[in-house]
Amino acid sequence: MKKTLLPVILCAFSFSAAQVGNVGINTKTPRVKLDVAGTYKSDKIMTGSSSVPAITSVEKDRYLLLSHSISDNTVKRINPGQPNSPGIASIVTYSLNNVNGDWVENFNTKINSNDYSLMVLSAYFDRDLYGPNIAIPSYGVKSVNNEWQIYADYSQLAPTSNGVWTIVCAVYPKTYVKIFPEHGPFNINGTTTGSDNAPILP
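Residues numbered from 1 in each chain as written. Predicted model: local features only at pLDDT ≥ 70, side-chain atom pairs only at ≥ 80, totals over all residues. Heavy atoms only, no water.

> Tell me about the side chain of Asp 102, residues and numbers included.
Along the chain, Asp 102 turns up in the loop between β6 (90-96) and β7 (104-112). Setting aside chain neighbours within four positions, we find Asp 102 in contact with Phe 125, Leu 129, Ala 152, Asp 153, Tyr 154, Leu 157, Ala 158, Pro 159 and Trp 165. (Helix = DSSP H or I, 4+ residues; strand = E, 2+ residues; numbered from the N terminus. Contact = heavy atoms within 4.5 Å.)

Structural data, given as structure tokens:
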């Protein structure tokens, strides 16, 4: 029987194993079991067991959030404590001064409604209001020409001078938010109650 020696093909990257059993690719000093210095692409990430163990309370304080870019496949660390680092959401307060009485018909935030979701968390008007009726404030956001616009008003009431609205909003990148299509329409049949027979989150 003739024996044939197969040539060993060396990879283009360096491969090393430290004495402690760690393996490194493109690094001579691997810090963990597998330390890759460079970029990689993976369709699936598999753990060594069927489930990922829960983190400890100490690990929770050091727990990192990662963001994956679809455009260039980069993975970035999310650290909201750093001024220039991305966050899962942003809180922004708009102070709208010298409005027409208490009426804000459209305030354009210039935030792209295709890429971000915007939600009003709270709104406060700084003047007393007068009129024949009692009213609660009406405020919210709407998308106009792919930009979020804020509106606010007390219906049928007015102050004696132009006032200030303070509106606190949360802004979420849509890559972090599950966006469902419009649900309905639901026919309430002229009554005051109704029910969704196919809820989006059962």
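> Account for the pattern of salt bridges, with residues named and values stated.
Within this structure, the stated rule accounts for 1 salt bridge. Asp 126 is the partner of Arg 127 in a salt bridge, and the nearest nitrogen-oxygen pair spans 2.5 Å. Residue class for Asp 126 comes out partly exposed when judged on its relative accessible area of 31%. (Salt bridge = Lys/Arg side-chain N within 4 Å of Asp/Glu carboxyl O. Buried < 20%, exposed > 50% of the residue type's maximum accessible area, 1.4 Å probe, protein only.)

> Outline the nonpolar core, supporting the account with residue identities and numerical values.
Looking at soluble globular proteins, one finds that nonpolar side chains tend to be buried together. With 17 residues, the main nonpolar core has Leu 96, Trp 165, Ile 167 and Cys 169 as its most contacted residues. At the level of elements, β6, β7, β8 (116-125), β10 (147-154) and β11 (165-173) are the ones that each hand at least two residues to this core. Leave out the neighbours within four places in its chain, and Leu 96 touches Val 104, Phe 107, Gly 163, Val 164, Trp 165 and Ile 167. (Core = buried A, V, L, I, M, F, W, Y, C linked by side-chain atoms within 4.5 Å.)

> Can you explain the packing of aromatic side chains? Please cite residues and give values.
Evaluation of the coordinates by the stated rule reveals 4 aromatic pairs. Measuring from centroid to centroid gives 6.4 Å for Phe 125 and Tyr 154, while their planes differ by 55°, and the two rings are tilted. Highlighted residues: Phe 125 in strand β8 and Tyr 154 in strand β10, separated in sequence by 29 residues. Comparing Phe 125 with Tyr 154 shows no difference in burial state: the two are buried. Both rings, one in Phe 125 and one in Trp 165, keep their centres 5.2 Å apart while their planes meet at 45°; by these two values the pair is tilted. With Phe 125 in strand β8 and Trp 165 in strand β11, this pair connects stretches of sequence that are 40 residues apart. For the pair shown, Phe 125 and Trp 165 are each scored as buried. (Phe/Tyr/Trp six-rings, centres within 6.5 Å; stacked < 30°, edge-to-face > 60°.)

> Report on the sheet that holds β7, specifying residues and quantitative values.
Strand order in the open sheet made by the 3 strands is β7-β10-β9, with antiparallel pairing throughout. Since the sheet does not close on itself, it has two edges, and those belong to β7 and β9 (137-144), each with one partner. When strand polarity is set aside, the average angle formed by the axes of neighbouring strands in this sheet is 20°. (Pairing = 2+ DSSP bridges. Axes fitted to C-alpha atoms, helices over the stretch in contact; angles between N-to-C directions.)

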